[in-house]
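Single-letter residue listing:
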Amino acid sequence: MSPVRIVDVSYVAVPADAALPPDPIKLNAMEAQWVARPLLQHLLFFDGDQLPPFDTALHSLKSSLAATLAAYGPLAGKLVHLADTGDVAISWSASDGVRFVVAESDADARRLAGGDEEEHDVRTSERLVPEVEMSATRLEEVLGGLAVGVTVHHGVADGRSLWIFVEAWAAACRGDTRTAPAAPPVFDRSRVSLPGGEELARSVLWKYAPSLPVVRINLTRSTKKFWQKQMNLIYTTLSPRLRNVHPVLFTLDAGHIERLKQSIVRLSEARGAPPLLRAPSTFVAAIALIWTCSVRCRPLIFPSDDDEDDVFLFFFADVRSRLDPPAGADYFGACLAGCLARLPARELIHSEHALAAAASAVQGAIREVAEDPVGGWDIMKIVGGIPRDRFFNVSGSSSFRAYEVADFGWGRPRRTEPVRMNKDGQVALVRARHGDGVQVTVALLERAHMDAFKSEFLDRIAL
């Protein structure tokens with residue numbers, strides 16, 4: 001782990017002429033459940049001859065961030081507890097701004113960016129990202145490159161919203177108005193209509209954060225200290241345990257994806273195989289492969305006399321377009337429903353139709369959300385009670401164009417990755433750096449499990 005030295009902390013203000021909502025934005029139930037959950041944090045690594053001098057890059061990033069906040073002003077606010085109503089809301093004042101931290105490190109940029117199937121330097125990556133209130137950027141000058149870190153509270157934005165913000169910021173930084181998001185973001189929470197409305201949101205807060213304005217959550221000491229300083233909610237520590245997970249990045253290129261889809265269809269047509277609802281999408285094919293490999297790489301957890309028990313795959317669905325009425329593609333917030341696929345472990349361990357079985361189960365979970373998009377809003381209700389050693393969690397999406405949208409004027413990032421990959425069986429997806437492939441980041445606690453996963457994964461994509 002290389003040291004990271006903070007050299008400057010400043011706040012980027014919202015332009016005075018920005019059109020801000022007149023009142024605090026109350027979190028709806030979909031968002032309120034995230035008050036006591038982890039942040040969204042991503043790192044973008046840049047290197048190469050196109051990089052400008054560090055001071056030039058720094059000036060461009062800060063000035064373009066200020067311009068971007070004209071449309072994204074609420075991101076400079078804070079989460080506050082409204083004691084008179086019991087709500088948690090996004091609030092802001094003229095003195096608020098986005099915390100912008102500049103630091104330097106002697107870490108090797110190419111090593112941090114790494115390559116496929118290489119283990120990440122988790123601890124250094126975590127220190128390259130800011131612990132911030134709503135949204136902030138931390139810029140690191142590392143040996144041979146730059147790392148830009150972005151943090152946003154999950155109660156304010158989901159992955160889709162995060163990358164829309166990055167797209168707008170990057171377009172402003174490179175002076176490109178043609179490829180910026182077509183429509184300005186909409187923060188109006190009335191776009192999301194849930195049964196129970198504000199009362200439902202308050203009941204969620206009471207359930208998951210009953211001691212407001214105190215929120216009890218697993219935090220490191222430094223994170224706790226910062227959050228208590230920067231937010232109007234008070235975060236306290238509940239025995240955090242750092243886990244020695246081993247995140248590794250894999251890339252499925254367009255050829256891999258096409259062959260994987262064909263293989264799934266072929267397997268589904270065999271006698272005794274579970275039928276598919278339709279031809280598998282890129283997302284379905286990718287997570288069917290990941291789920292199968294994840295279960296097969298941990299045989300000691302699923303002994304032969306126990307493989308009738310189910311294993312579970314959880315992932316999110318963006319339900320903006322599925323709500324009635326639709327929230328709209330321009331809605332900025334957390335608008336997600338949980339999807340849960342389940343299968344007996346034996347169908348993924350022993351069956352020759354494992355990939356087809358996995359894809360069929362994933363499609364079934366997606367169909368459930370399509371039929372009832374509101375039914376899956378309570379994430380913890382869906383996953384609560386599932387044994388952790390039989391649970392696999394996928395975040396992100398193969399449709400997130402992280403590399404394409406994050407060109408700040410010096411080319412696409414060498415690598416982008418989520419930072420808080422600290423749970424066994426955690427998986428994150430974005431679209432690959434080139435073409436229509438998928439980047440897959442997998443975190444497993446045991447090194448032996450990762451070695452087995454890597455072997456299984458590479459064998460299957462080589463077919």
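As the structure is a computational prediction, the values presented were derived from the model and not from experiment.

**A word on the overall build of the chain**
Along the backbone of the chain there are 14 helices and 17 strands. Counting the 463 residues in the chain, one finds 56% classified as buried. A separation threshold of at least 6 residues defines the contact pool for the chain, and within that pool the share at least 24 residues apart is 78%. Entry remark: accessible area of the chain is about 19400 Å², with carbon and sulfur atoms responsible for 50%.

**Here's the deal with the pattern of salt bridges**
Oppositely charged side chains may form a pair once their charged atoms are brought near each other. According to the stated counting rule, one finds 20 salt bridges in the structure shown. Residues K26 and E198 are paired through a salt bridge, measuring 3.5 Å at the closest nitrogen-oxygen approach. Residue K26 is located in strand 2 (residues 25-26), and its partner E198 is located in helix 6 (residues 197-208); the two are separated by 172 residues in the primary sequence. Of the charged contacts, one joins D330 and R191 as a salt bridge, the two residues approaching to 2.9 Å between their closest N and O atoms. Of this pair, D330 sits in the loop between strand 12 (310-318) and strand 13 (336-344) while R191 sits in the loop between helix 5 (159-173) and helix 6, and the two are 139 residues apart along the sequence. When its relative accessible area of 25% is taken as the criterion, D330 is described as partly exposed.

**Re the nonpolar core**
W291 and F408 are the most contacted members of the largest nonpolar core, which has 120 residues in total. A total of eleven residues in this core trace back to one element, the largest contributor, which is helix 9 (residues 282-296). Built from parts of two domains, this core gets at least three residues from each of domain 1 (4-216) and domain 2 (246-462). Among the nonpolar cores identified, the runner-up in size contains eight residues, and F314, A334, I386 and F391 belong to it.

**A closer look at the confidence of the model for the chain**
In this model, the chain carries a mean pLDDT of 83, and residues with pLDDT of at least 70 account for 82%. This stretch, residues 132-139, has a pLDDT under 50; its non-local contacts, to residues over four places away or in other chains, come to 65 contacts.

**With respect to the pairing of strand 11 (residues 248-252)**
Here strand 11 lies mainly inside the structure; four of its five residues are buried. Across five bridges, the pairing between strand 11 and strand 17 (residues 438-443) is antiparallel. In the strand pairing of strand 17, T251 is matched with Q439.

**Observations concerning the packing of helix 8 (residues 254-268) against helix 9**
Two numbers describe how helix 8 lies on helix 9: the axes approach to 10 Å, and their chain directions differ by 80°. Here helix 9 runs roughly perpendicular to helix 8, going by the angle between their axes. Contacts between helix 8 and helix 9 pair I257, L260, K261 and I264 from the former with T282, A285, A286, A288 and L289 from the latter. Taken together, the residues of the contact of helix 8 with helix 9 break down into seven nonpolar, one polar and one charged.

**A look at the side chain of S397**
Positionally, S397 belongs in the loop between strand 14 (391-396) and helix 13 (402-405). Of note is the side chain of S397, whose polar atom sits 2.8 Å from the side chain of S399. When residues no more than four places from it in sequence are discounted, the contact partners of S397 are L429, V430 and R431.

**Some words on a nonpolar patch on the surface**
Nonpolar side chains collect at one region of the surface, where I6, V9 and Y11 lie side by side and expose about 280 Å² of accessible area between them. Within the fold, I6 resides in strand 1 (residues 4-13).

The rules behind these values
Residues numbered from 1 in each chain as written. Predicted model: local features only at pLDDT ≥ 70, side-chain atom pairs only at ≥ 80, totals over all residues. Heavy atoms only, no water. Helix = DSSP H or I, 4+ residues; strand = E, 2+ residues; numbered from the N terminus. Buried < 20%, exposed > 50% of the residue type's maximum accessible area, 1.4 Å probe, protein only. Contact = heavy atoms within 4.5 Å. Areas by Shrake-Rupley, 256 points an atom, 1.4 Å probe, with all protein chains shown as cover. Salt bridge = Lys/Arg side-chain N within 4 Å of Asp/Glu carboxyl O. Core = buried A, V, L, I, M, F, W, Y, C linked by side-chain atoms within 4.5 Å. Domains from an automatic or database assignment. pLDDT = per-residue confidence, 0-100. Pairing = 2+ DSSP bridges. Axes fitted to C-alpha atoms, helices over the stretch in contact; angles between N-to-C directions. Parallel < 35°, antiparallel > 145°, perpendicular 65-115°, else oblique. Nonpolar A, V, L, I, M, F, W, Y, C, P; charged D, E, K, R; others polar. Polar contact = N/O pair within 3.5 Å; in protein donor to acceptor, adjacent residues only side chain to side chain. Patch = residues over 30% accessible without salt bridge, like charges linked within 9 Å, V, L, I, M, F, W, Y side chains within 5 Å.

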